[in-house]
Amino acid sequence: MTPVLRARALGKMYKQRWALTGCTLDIPAGHVTGLVGPNGAGKSTLLNLAAGMLTPTSGTIEVCGGRPGSGPAQLAKVGFVAQDTPTYPGLTVADHLQLGARLNPGWDDALARHRIKRLALDPARPAGKLSGGQRAQLALTLGIAKRPELLMLDEPVAALDPLARREFLQDLMDAVAEYGLSVVLSSHLIADLERVCDHLIVLVGSKVQVAGEVEDLLAVHHRLSGPRRDLSTLPANQHVISASHTDRQTTLLVRTDDPILDPAWSVGRLSLEDLVLAYLSRPAEPGHDHRPAREVVR
Amino acid sequence: MIEFHLDDRSGVSPYLQLVQQVRRALRLGLLREGDRLPTVRDVVAQVTINPNTVLKAYRELEHAGLVTARPGAGTFVTATLADATLTAAYGPLRQDLRRWLAKARLAGLADEDIEALFMTTFQSATQEDIA
C-alpha cells in the first residue's frame, strides 16, 4: 500500500537549532497513527512540515503522493488541526462553517451542519465564548467536513477534560469508520491514544525510536523477570530495551520475534504505555546516533 | 447482543480483547448461532476504539469459522464453542481442584502462595509443551 506520508532524511532547522533531523518514515494509508514523544521531540514540526506550514531544511517529505502545500489540489487532500485546536474567537460557529465552505472545494456542508446540530452548538455563538471541548469539536468539524484523505491533529485532546476527551476521540473514530480517512494524531500521553491508534510512532529527540502496527509491537515485546543475570548471556535474538537489577533479581524489557524458552524467566505482557515509556527513557545507542549534535550549536 | 468492554491495563491488545470476548460468549452460550454482532460503528461508539481494530477482530473470527459477514446485513454467528463434552468434564475437575486446594491450605500455604505455585507450574508445563 502507498504510504500516506513518506519522509526521507527530513530535517528542519530554526535559526541555529535542529528541531527535527534525519527523520525517515512511512505512514501507511487507512490507519490511525499515533505520534508519541515528549514535548520538544519534533512532533509539531513534523506535522507542520506535512501540512505545508513549514518547508524542510533538508531531506524530502511527500503527503498523499504530493509535496505539502504545493497547490490547491494538494491542500484539499490534507486536513490539519493545529495545537490547541485554534478557531477565530470573534467569529461565530456559523461564520466558521461559511469560511470552511468558501475555502474548501470539497466541503461537505450537510455533514458540517449535522455535526453542529448534534453537538448542540449555537450557530450564533462566537467561538471565543465556547468551552474548550466545544471549541475542539468545532475544529474537528471543520477538519472532517473538508473531507480530506489525511487528517492530522496536533495534541488535539491535551487541554480537554476526560469526558470531552472521550467524546472527541469517539467522534474522530466515527469519522474514520464513516469516511475511511487516514488519521495522524500526536500526543505526549500514550494513554490518550492507546485505544484509537492501530499504528504507532515514537519520536524522541527528532529520531524515530520505534514504529509499527500496535498489534505487532505488543506481540514482540516482553517483560522478563527472574534471578540476577548477566545480559551478555542472553540469546542473540533478544534485544534489550530496558534492564534493571537488584542484587538478586533482573527485570528486562526485550524485543524478540521468537518465543522465550528459558524457564528461569517469568514472562509478562506489556501494556502499550509500558512499551512506549521504555523507549522514551532509553539512552541513545552509541554508534547508532546519526543526530547532528544539537547540544553543540546551543 | 454482545456488549464489548476494554481493559486498558491488561496488556492484551484491544483487537485480541474483542476476539476473546466473542469466544468467551460463544463458549458460555451467551452468543448463539444466528445472533448478529454489533456493527463496527456501534462498537466504535461503545468503547471509543479504532474501526480498523473492530474489523480486524471480526475478520479473525470469520477466519476461524465462527461468524460470517453478510454484506449490508451485518456479521452473524455461525458456530458455537459451547462444547457439551467439555462442560461435562468441568464438574469432576473442579472437585479435584477443590481437594487439592484444601490440601495446600492444610500444608500452611496462603492464597498468594497457592496462586504463585499454580502459575509457575502452569507456565513451566506450558513451556515444556512448546519446547
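Residues numbered from 1 in each chain as written. Chains lettered and ligands numbered in written order. Predicted model: local features only at pLDDT ≥ 70, side-chain atom pairs only at ≥ 80, totals over all residues. Heavy atoms only, no water.

**Description of the UniProt feature "domain: AAA+ ATPase" (unreviewed entry) in chain A**
Okay, step 1: With numbering aligned to this structure, UniProt lists the feature "domain: AAA+ ATPase" (unreviewed entry) at residues 29-206 of chain A.
Okay, step 2: Each end of residues 29-206 of chain A is marked by a C-alpha atom, and these two atoms are 23 Å apart; helix forms 40% of the span and strand 17%. (UniProt positions renumbered as here; feature names shortened; annotations may be inferred. Helix = DSSP H or I, 4+ residues; strand = E, 2+ residues; numbered from the N terminus.)

**Some points on the packing of helix α1 (residues 14-27) of chain B against helix α3 (residues 51-63) of chain B**
All names here are of chain B.
Okay, step 1: Look at α1 against α3: their axes get within 9 Å of each other, and the N-to-C directions meet at 45°. The orientation of α1 relative to α3 falls into the category oblique. The chirality of how α1 crosses α3 is right-handed. Listed contacts from α3 to P14, Y15, L18, V19, V22 and R23 of α1 are T53, V54, K56, A57, E60 and L61.
Okay, step 2: Of the residues assigned to the contact of α1 with α3, the class counts are eight nonpolar, one polar and three charged. (Axes fitted to C-alpha atoms, helices over the stretch in contact; angles between N-to-C directions. Parallel < 35°, antiparallel > 145°, perpendicular 65-115°, else oblique. Left-handed = near helix turned anticlockwise from the far one by under 90°. Contact = heavy atoms within 4.5 Å. Nonpolar A, V, L, I, M, F, W, Y, C, P; charged D, E, K, R; others polar.)

**With respect to the layout of surface pockets**
Gaps left between atoms are located by rolling a probe of water-molecule size over the structure's atoms.
All names here are of chain A.
Okay, step 1: The computed volume of the largest pocket comes to approximately 840 Å³.
Okay, step 2: Taken together, 25 residues form the lining of the largest pocket, with F80, L103, N104, L142 and K146 sitting closest to its centre.
Okay, step 3: Of all the secondary-structure elements, those providing two or more residues to the lining of the largest pocket are α2 (72-77), β5 (78-81), α3 (93-103) and α5 (132-145).
Okay, step 4: Classifying every residue of the lining of the largest pocket by side-chain character gives 16 nonpolar, eight polar and one charged. (1 Å grid on protein atoms, 1.4 Å probe; cavity = no way out; pocket = protein on both sides within 12 Å on 5 of 7 lines; lining within 4 Å. Points joined across faces, edges and corners; volume = space filled by probe spheres on them.)

**Describing the nonpolar core**
Okay, step 1: Ranked by size, the top nonpolar core spans 77 residues in total, and within it L153(A), L185(A), L200(A) and L37(B) carry the most contacts.
Okay, step 2: The element that contributes the greatest number of residues to this core is helix α6 (residues 162-179) of chain A, accounting for seven residues.
Okay, step 3: Once residues lying within four places of it in the same chain are set aside, the contact partners of L37(B) are M1(B), I2(B), V22(B), L31(B), Y58(B), L61(B), V67(B), T75(B) and V77(B).
Okay, step 4: The next biggest cluster of nonpolar side chains, apart from the first, holds 23 residues, and it includes C23(A), L25(A), L35(A) and A51(A). (Core = buried A, V, L, I, M, F, W, Y, C linked by side-chain atoms within 4.5 Å. Buried < 20%, exposed > 50% of the residue type's maximum accessible area, 1.4 Å probe, protein only.)

**With respect to the domain arrangement of chain B**
Okay, step 1: Considered domain by domain, chain B is made up of domain 1 (14-77) and domain 2 (84-130).
Okay, step 2: Here the C-alpha centre of domain 2 of chain B lies 32 Å away from the C-alpha centre of domain 1 of chain B. (Domains from an automatic or database assignment.)

**A look at the sheet that holds strand β9 (residues 207-213) of chain A**
Residues and elements named next belong to chain A.
Okay, step 1: Across the sheet, which stays open at both edges, the six strands sit in the order β5-β6-β7-β3-β8-β9 with mixed pairing between neighbours. Taken across any chain shown, the strands that pair with only one partner, and hence form the sheet edges, are β5 and β9. Shown here is a sheet whose adjacent strand axes are inclined to one another by a mean of 15°, direction ignored.
Okay, step 2: When strand β3 (residues 32-36) meets strand β7 (residues 182-187), the two strands line up parallel, connected through five bridges. When the bridges of β7 are listed, V32 appears paired with V183.
Okay, step 3: Against the sheet, α6 touches β3, β6 (150-153) and β7, its axis set at about 160° to β7. (Pairing = 2+ DSSP bridges.)

**Notes on α6(A)**
Because each turn of an α-helix spans 3.6 residues, side chains separated by three or four positions in sequence point in the same direction.
Residues and elements named next belong to chain A.
Okay, step 1: For α6, built from 18 residues, the straight-helix expectation of 26 Å at 1.5 Å per residue is met to within 8% by its first-to-last C-alpha distance of 26 Å.
Okay, step 2: Where α6 is concerned, the buried positions are A164, R165, F168, L169, D171, L172, M173, A175 and V176.
Okay, step 3: N-capping of α6 is provided by D161, with a side-chain oxygen placed 3.1 Å from the backbone N of L163.
Okay, step 4: Phi for G180, located one or two positions after α6, is positive at around 65°. (Expected span 1.5 Å × (residues − 1). Polar contact = N/O pair within 3.5 Å; in protein donor to acceptor, adjacent residues only side chain to side chain.)

**So, the state of the cysteines**
Residues and elements named next belong to chain A.
Okay, step 1: Within the structure shown, the criterion is met by zero disulfides over all chains.
Okay, step 2: Among the cysteines around C64, which has no disulfide bond, C23 carries the closest sulfur, lying 17 Å off.
Okay, step 3: Relative accessible area serves as the criterion here: at 12%, C64 is assigned to the buried category. (Disulfide = S-S within 2.5 Å.)

**Details of the interface of chain B and chain A**
Okay, step 1: At the interface, 23 residues of chain B touch 28 residues of chain A.
Okay, step 2: For the pair chain B and chain A, the summed buried area comes to about 2,200 Å², and 47% of that belongs to carbon and sulfur atoms.
Okay, step 3: Interface area lost by chain B to chain A is led by R41(B), T48(B) and Q127(B), which between them contribute 28%.
Okay, step 4: One can count two salt bridges joining chain B with chain A.
Okay, step 5: Across the salt bridge formed by R41(B) and E178(A), the nearest N and O atoms sit 2.4 Å from each other.
Okay, step 6: Taken together, chain B and chain A are joined by eleven residue pairs in polar contact (both at pLDDT 80 or more).
Okay, step 7: Those elements that provide at least two residues to the side of chain B that touches chain A are α1, α2 (40-47), α3 and α5 (111-130) of chain B. (Buried area = accessible area lost by both parts, 1.4 Å probe. Salt bridge = Lys/Arg side-chain N within 4 Å of Asp/Glu carboxyl O.)

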